[in-house]
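# Fold and geometry: a report
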Amino acid sequence: MRRRILRSMLTVLMLTTVVLGVPLTYTAWLWVEDITRNDLRSRLELISAEVIGQEQGSGVISGGLDLHTVQPLVPEGGRLTVVYPAPEDTAVKVEVGAATVTDPLVESLSMGTDVSLRLEVPATPMQARQRQAVAGVALAVAISLGAAITVAIVTARRVADPIRDVAARAARLAMGDFRPDPRRHGIAELDRVSDVLDSATVEIAGRLQREHALVADVSHQLRSRLTAVRLRLDELSAHTDPAVVHEAEEAMAQVDRLTEAIDDLVRASRDEDATDRDPVPVMDELRGIVTEWTHPFREAGRTLYLTGDESLRAPISGSRLREAVTVLVDNALMHGGGTCTVSVRTVRPGQDREPLVCVQVADEGEGVSDELAPHIFDRGFSGAGSTGVGLALARALIEADGGRLELQRRRPALFAVFLGKPLAARVETREPR
């Protein structure tokens, strides 16, 4: 960011230097020439005054010009030419100064119809002064530009470093680091942001602490109730009717899976970093879900398939993946139609990106309407009278492991869960359920 700020400021400075420096240089060049010509005109006016003072009679200089009084007014290396009338009605031309002038700068003065003055001086001294003036302007511009660059560097550092510190602090806050930071930077706006981050840190830390306590209390109460239910089911398993015993055992298995899921979710809520976890076999995590939902699909006259690569593994939380895919399968059963396929494969999001493990849930129903699609993952939004929590929860669970959940196709619906880099070779299997 510092480079961008500095680059922007230097661009403005260079443009300002060019816009102001070039006209200023041209003005200095003309200014020196104007001063030189004004000096020549002043000398001609003094000479004309001297000539008028020597004039006798009716506009005729009877005794000629006194060159001793005129010569001091001629610059060194210059030449004065005076043309005036003689008594015999002829014109007299008098030259004072150098015989020849190289590359002359000329100024003339007419004194009526009878007398004219012409003053020539070498242009070389004026050009030397013009170059000196241009050099002075260039030096002043260079000094100003150097001072401006220094100010720009200091300003860029003063602005960019505090912004980078605040951004780093916000990133630490997002990673769960709630330690206060007393540093301030002397910039009112950024210090205000730091104050807000301090307040947000205290508030978020308090909320997380309360939520963790609530999760622990809720999980404890759920486990207690599930234990009580399991005890009742265990009593039913001693019934004399084999059908009752079978249903009791199936119910106890469901209770055990629910208890395990609660424990896994509680543990996952305390461990947010999926990159440090051991990779889990994706197909093994999904097989239990497909087995559990086979019977509801069969009762609805539909089929549920699991297909994909048995060896693919990803560093994810198994409980989060199972709960998210369960939401997608349930959504396909409630709102979809036809065969529902859960597939595990690798995909490449782009030409310059590494392949990812992808879990896709697709059905053959009417799909998602155009009005519902943009809001399908919004919490509380539902187009079928449901709570509107399921898909939002599924996306939150997947994103907690660093993945993402997308609606890849609207009609028929196709949801894709991207988990991470694949860790095994592809070996395809297909399991009808």
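Procedures and definitions
- Residues numbered from 1 in each chain as written.
- Predicted model: local features only at pLDDT ≥ 70, side-chain atom pairs only at ≥ 80, totals over all residues.
- Heavy atoms only, no water.
- Helix = DSSP H or I, 4+ residues; strand = E, 2+ residues; numbered from the N terminus.
- Buried < 20%, exposed > 50% of the residue type's maximum accessible area, 1.4 Å probe, protein only.
- Contact = heavy atoms within 4.5 Å.
- Areas by Shrake-Rupley, 256 points an atom, 1.4 Å probe, with all protein chains shown as cover.
- Expected span 1.5 Å × (residues − 1).
- Salt bridge = Lys/Arg side-chain N within 4 Å of Asp/Glu carboxyl O.
- Phe/Tyr/Trp six-rings, centres within 6.5 Å; stacked < 30°, edge-to-face > 60°.
- Axes fitted to C-alpha atoms, helices over the stretch in contact; angles between N-to-C directions.
- Parallel < 35°, antiparallel > 145°, perpendicular 65-115°, else oblique.
- Left-handed = near helix turned anticlockwise from the far one by under 90°.
- Nonpolar A, V, L, I, M, F, W, Y, C, P; charged D, E, K, R; others polar.
- Core = buried A, V, L, I, M, F, W, Y, C linked by side-chain atoms within 4.5 Å.
- Polar contact = N/O pair within 3.5 Å; in protein donor to acceptor, adjacent residues only side chain to side chain.
- Patch = residues over 30% accessible without salt bridge, like charges linked within 9 Å, V, L, I, M, F, W, Y side chains within 5 Å.
- pLDDT = per-residue confidence, 0-100.

A few words on the overall build of the chain. For the chain, the helix and strand inventory stands at eight helices and twelve strands. The buried share of the chain, reckoned over its 433 residues, is 33%. Expressed as a percentage of contacts within the chain between residues at least 6 apart in sequence, the contacts between residues at least 24 apart total 67%. Accessible area of the chain: about 25400 Å², with a carbon and sulfur share of 57%.

Turning our attention to helix α7 (residues 318-335). The end-to-end C-alpha distance of α7 is 26 Å, a good match for the 26 Å that 18 residues give at a rise of 1.5 Å each. The set of residues buried in α7 consists of G318, S319, R320, L321, A324, V325, V327, L328, V329, A332 and L333.

Once that is clear, we can look at the pattern of salt bridges. Going through the model one piece at a time under the given rule, you end up with 17 salt bridges. A salt bridge links R184 to D195; the nearest nitrogen and oxygen atoms lie 2.8 Å apart. In this pair, R184 is assigned in the loop between α3 (124-174) and α4 (188-236) and D195 in helix α4, connecting sequence segments eleven residues apart. Put simply, R287 and E310 hold a salt bridge, and the shortest N to O gap is 2.6 Å. Taken as a pair, R287 in helix α6 (residues 282-299) and E310 in the loop between β6 (304-309) and β7 (313-314) lie far apart in primary sequence, 23 residues in all.

With that out of the way, let us pick up the packing of aromatic side chains. Tallied over the full model, the rule gives one aromatic pair. When the ring of F377 is compared with that of F415, the centres are 6.2 Å apart and the planes differ by 90°; the resulting orientation is edge-to-face. Placement of F377 in the loop between β9 (356-362) and α8 (390-400) and of F415 in strand β11 (residues 414-420) is noted, with a sequence separation of 38 residues between them. A relative accessible area of 4% places F415 in the buried class.

Moving on to the packing of α7 against α8. One way to put it is that α7 packs onto α8 with a least axis distance of 9 Å and a crossing angle of 150°. Classified by the angle their axes make, α7 and α8 are roughly antiparallel. In this structure, α7 crosses over α8, and the sense of that crossing is left-handed. Residues R320, L321, E323, A324, V327, L328 and N331 of α7 touch α8, and the partners they reach there are G390, L391, A394, L397, I398 and A400. Of the residues that constitute the contact of α7 with α8, the class distribution is nine nonpolar, two polar and two charged.

Our next topic: the nonpolar core. The biggest cluster of nonpolar side chains holds 39 residues, and the ones touching the most others in it are V282, L286, V359 and L419. Looking at this core, the elements with two or more residues in it are α6, β6, α7, β8 (340-347), β9, α8 and β11. Ranked by residue count, the leading element in this core is α7, at eight residues. If sequence neighbours within four positions are ignored, V359 has contacts with V282, L286, V325, V342, S343, V344, F415, A416, V417 and L419. Core analysis: the next-biggest nonpolar cluster, separate from the first, contains 22 residues, A28, L40, I47 and L117 among them.

Quick look at the side chain of E120 now. Within the element layout of this structure, E120 appears in strand β4 (residues 115-122). Using a relative accessible area of 6% as the deciding quantity, one classes E120 as buried. In this structure the side chain of E120 is engaged in a polar contact, spanning 3.2 Å, whose partner is the side chain of R118. In this structure, E120 is in contact with G78, R79, T81, V101, P104, L105 and V106, ignoring residues within four places of it in sequence.

Quick look at a nonpolar patch on the surface now. On the surface, a cluster of nonpolar side chains totalling about 310 Å² of accessible area is made up of Y26, W29 and L30. As for its placement among the helices and strands, W29 is situated in helix α1 (residues 2-54).

For the rest of this paragraph, the subject is the confidence of the model for the chain. The share of residues in the chain with pLDDT of 70 or more is 86%, and the mean pLDDT across the chain is 81. Note on residues 57-63: pLDDT is under 50 here. Beyond four places in sequence and across chains, it has 15 contacts. Overall, residues 424-430 carries pLDDT values under 50, and its contacts beyond four positions in sequence, including any with other chains, amount to 22 contacts.

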